[in-house]
Amino acid sequence: MITNKDIAFKSVIFLTTIAFMIVSCSKQVSAVSELDPWKRMELVIKSIPETHFVNKTYNINDFGAVADGKTLNTNAFEKAIKECAANGGGKVIVPNGKYLTGPIHLESNVNLHLEDNAEILFSLNPQDYPIVHTSFEGTEVMNYSPLIYAKNKTNVAITGKGTLNGQADKTNWWIWSGGKDYGWKKGIPSQNDPNNREVLVEMAEKGTLVSERVFGEGRYLRPNFIEFFECNTVLIKDVTVINSPFWILHPFKTNNMIIDGVTVNSHGPNNDGCDPEYSQNIVIKNCTFNTGDDCIAIKAGRDADGRRVAIPSKNIIVQNCKMIDGHGGVVIGSEISAGVNNVFVENCVMDSPNLDRAIRIKTNSKRGGVIEDVYVRNLEVGTVKECVLKLNMFYNVYGSQTGNFIPVIRNINIENVTVKYGGKYSVWAEGYATSPVENITLKNVKIEKVDSLYLLKNVKNINFINTYINDKKVESIKN
């Protein structure tokens, strides 16, 4: 006969065993984390949930869409997406053809799927884009809706081999940048006018509520292309994205997202290919980036706004990607105030006379931020203009960037990298005397045809292990 004491005793034994197993597993994970960061990366990948959709389809043509490239199909997209979501989700089909539309707002459990020869053309009329809670250059704002937008959604996707065309060029969105190379001339309004971008930055510094930072018409802040805002379990797969007004793929406060097989080809101002911001567990794989700015730029908020939000970006994984034109291949910053850690980059190809750097970290004493634990391996780099690795605590744009928030950059690891044309420097690293760039390791790296070995200011512990620059083995620097 089993008594209550027996049950209680067995329960204690069971719970003790479970507790022991949990402690043991924790120690194993901790050991793996300390000894092998790449196994830690694999654990992150395995932890990311995949999207799943019920087997129902909703063709936008059944909701009144017209594929003539002229008829505005905003309502058809909205009706199809809402009908799909209301019935438990599924796939919203964009058939072959050209569909003009305003912004597309996605819902949970909806997969927006483009057939191979489908092209979505986004309206060039700013009045077609309602004011929503979004972000501009690392500062939260009420501004024009991103071209594709999802806020607080779960299990959502954009798939298919069709094309998303923002239609931006020197005659419309890009001109708002105030850049002469993008069509701007004196007398044309832009984001640089005194009442526009600068006012937003001032509002954030003063702590103005986001709901009161209302911009939009007359303020000339360009919208992001694809923004997932506070979403979870997201997939973007196989689509081609061209001609973006501003940042292109923008996971914002979003967790568990896979970007797979996407092609980005957009050479406008601030046309970063992918900007994970305040986001965690993001995998970017099998993608091609050919951009007017950074190919991938990991963000974490700007200045006071970043410190207010205080969500670091972490567990960002880049695999098997190709970087062509851009200011940098994989970049961290400059909107970096909440910090970035656990970045993994592997098996990528970077090559273009218009690619400035391969790996870059940029911050300053207004941004601050702790950037640590960056792991890079197995890169094939053809040509870079400036340098292979740049770590800069004095990034300067939009005037003085001096403040009281001294950044931290540490634990940067590069291994198994070959570079044919290394630019001006193999490594360019600048820190503060009170906060040096610390613990850089280059292992099994070969850099050819570089002008100078390196440029180092306030750097502590840079380790060159089996590393050759211009065919000469380089010795480590300990200080």
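Data block above holds the structure.
Residues numbered from 1 in each chain as written. Predicted model: local features only at pLDDT ≥ 70, side-chain atom pairs only at ≥ 80, totals over all residues. Heavy atoms only, no water.

With respect to the overall build of the chain
Here is step 1: From N to C terminus, the chain includes five helices and 35 strands.
Here is step 2: What you see for the chain is a C-alpha radius of gyration of 24 Å, in line with the 23 Å of a compact globule of 479 residues.
Here is step 3: In terms of principal-axis extent, the alpha carbons of the chain reach across some 90 × 65 × 45 Å.
Here is step 4: Of all 479 residues assigned to the chain, the portion counted as buried reaches 56%.
Here is step 5: Residue pairs at least 24 apart in sequence account for 73% of intrachain contacts in the chain once pairs closer than 6 positions are excluded. (Helix = DSSP H or I, 4+ residues; strand = E, 2+ residues; numbered from the N terminus. Rg over C-alpha atoms; globule rule 2.2 N^0.38 Å. Buried < 20%, exposed > 50% of the residue type's maximum accessible area, 1.4 Å probe, protein only. Contact = heavy atoms within 4.5 Å.)

Digging into the packing of aromatic side chains
Here is step 1: Per the stated rule, a full pass over the model turns up 17 aromatic pairs.
Here is step 2: Ring centres of Y144 and W173 lie 6.4 Å apart, and the angle between their planes is 70°; on these two criteria the pair is classed as edge-to-face. With Y144 in strand 9 (residues 139–144) and W173 in the loop between strand 12 (163–165) and helix 4 (197–206), the pair connects residues that are 29 residues apart, well separated along the chain.
Here is step 3: For Y144, a relative accessible area of 6% translates into the label buried.
Here is step 4: When the centroid spacing of 5.5 Å and the interplanar angle of 15° are considered together, the rings of F344 and Y375 count as stacked. In this pair, F344 is assigned in strand 25 (residues 340–350) and Y375 in strand 27 (residues 370–383), connecting sequence segments 31 residues apart. Accessibility assignment for this pair places F344 and Y375 in one class, buried. (Phe/Tyr/Trp six-rings, centres within 6.5 Å; stacked < 30°, edge-to-face > 60°.)

Digging into the pattern of salt bridges
Here is step 1: Overall, the coordinates contain 22 salt bridges when judged by the stated rule.
Here is step 2: The partner of E107 in a salt bridge is K153, and the shortest N-O contact between them spans 2.9 Å. Linking E107 in the loop between strand 5 (104–105) and strand 6 (110–114) with K153 in the loop between strand 10 (148–151) and strand 11 (154–160), this pair joins segments that are 46 residues apart in sequence.
Here is step 3: Judged by relative accessible area, which is 18%, K153 ranks as buried.
Here is step 4: Note that K299 and E335 form a salt bridge whose closest N and O atoms lie 2.6 Å from each other. (Salt bridge = Lys/Arg side-chain N within 4 Å of Asp/Glu carboxyl O.)

Comments concerning the sheet that holds strand 24 (residues 330–333)
Here is step 1: If you trace the six strands from one edge of the open sheet to the other, you get 21-24-26-28-30-32, paired in parallel fashion. At either end of the open sheet lies a strand with only one pairing partner, and these are strand 21 (296–298) and strand 32 (450–457). Going across the sheet, the axis of each strand differs from the next one's by a mean of 15°, ignoring polarity.
Here is step 2: Bridge count for strand 26 (residues 357–362) against strand 28 (residues 387–392) is five bridges, and the pairing is parallel. For R357, the partnering residue across the bridge sits in strand 28 and is C387. (Pairing = 2+ DSSP bridges. Axes fitted to C-alpha atoms, helices over the stretch in contact; angles between N-to-C directions.)

Details of empty space enclosed by the protein
Here is step 1: Applying the stated criterion to the full structure yields two cavities of 30 Å³ or more.
Here is step 2: Taken as a whole, the largest cavity holds about 40 Å³ of empty space.
Here is step 3: V388, L389, I414, V417, S426, V427, L442, V445 and I447 together form the lining of the largest cavity.
Here is step 4: Contributions of two or more residues to the lining of the largest cavity are made by strand 28, strand 29 (408–421), strand 30 (423–430) and strand 31 (437–447). (1 Å grid on protein atoms, 1.4 Å probe; cavity = no way out; pocket = protein on both sides within 12 Å on 5 of 7 lines; lining within 4 Å. Points joined across faces, edges and corners; volume = space filled by probe spheres on them.)

Overview of the pairing of strand 10
Here is step 1: Summarising the sheet, strand 5 and strand 10 pair through two bridges and their orientation is parallel. Paired with H105 across the strands is Y149, a residue of strand 10.
Here is step 2: Across four bridges, the pairing between strand 10 and strand 13 (residues 226–229) is parallel. By the bridge assignment, Y149 is partnered in strand 13 with E227.

Some words on the state of the cysteines
Should the sulfur atoms of two cysteines be covalently bonded, the bond is a disulfide.
Here is step 1: In total, this model carries zero disulfides according to the counting rule given.
Here is step 2: No disulfide involves C287; its sulfur sits 4.6 Å from the nearest other cysteine sulfur, which is in C321.
Here is step 3: Judged by relative accessible area, C287 falls into the buried class, the value being 2%.
Here is step 4: Between C295, a free cysteine, and C321, which holds the nearest cysteine sulfur, the sulfur-to-sulfur gap is 9.6 Å.
Here is step 5: Owing to a relative accessible area of 0%, C295 belongs among the buried residues under this scheme. (Disulfide = S-S within 2.5 Å.)

Points about helix 4
Here is step 1: Among all positions of helix 4, only R197, V199, L200, V201, M203 and A204 are buried.
Here is step 2: In the stretch just after helix 4, G207 is the one whose phi turns positive, near 80°.

Quick word on the layout of surface pockets
Here is step 1: The volume enclosed by the largest pocket comes to roughly 510 Å³.
Here is step 2: A per-class count over the lining of the largest pocket returns six nonpolar, nine polar and eleven charged. (Nonpolar A, V, L, I, M, F, W, Y, C, P; charged D, E, K, R; others polar.)

A closer look at the pairing of strand 9
Here is step 1: Strand 9 sits mainly inside the fold: six of its six residues count as buried.
Here is step 2: With six bridges joining them, strand 8 (residues 131–136) and strand 9 adopt antiparallel strand pairing. Bridging from a neighbouring strand, T134 pairs with V141 of strand 9.
Here is step 3: Taking the residues between adjacent antiparallel strands as the criterion, strand 8 and strand 9 are bridged by two residues, where E137 takes a positive phi near 50°.

Observations concerning the side chain of N271
Here is step 1: Summarising the element assignment, N271 is placed in the loop between strand 18 (263–266) and strand 19 (280–285).
Here is step 2: Within polar-contact distance, the side chain of N271 engages the backbone oxygen of S244 at 3.2 Å.
Here is step 3: When residues no more than four places from it in sequence are discounted, the contact partners of N271 are W174, S244, P245, F246, I248, S266, T291, G292, D293 and D294. (Polar contact = N/O pair within 3.5 Å; in protein donor to acceptor, adjacent residues only side chain to side chain.)

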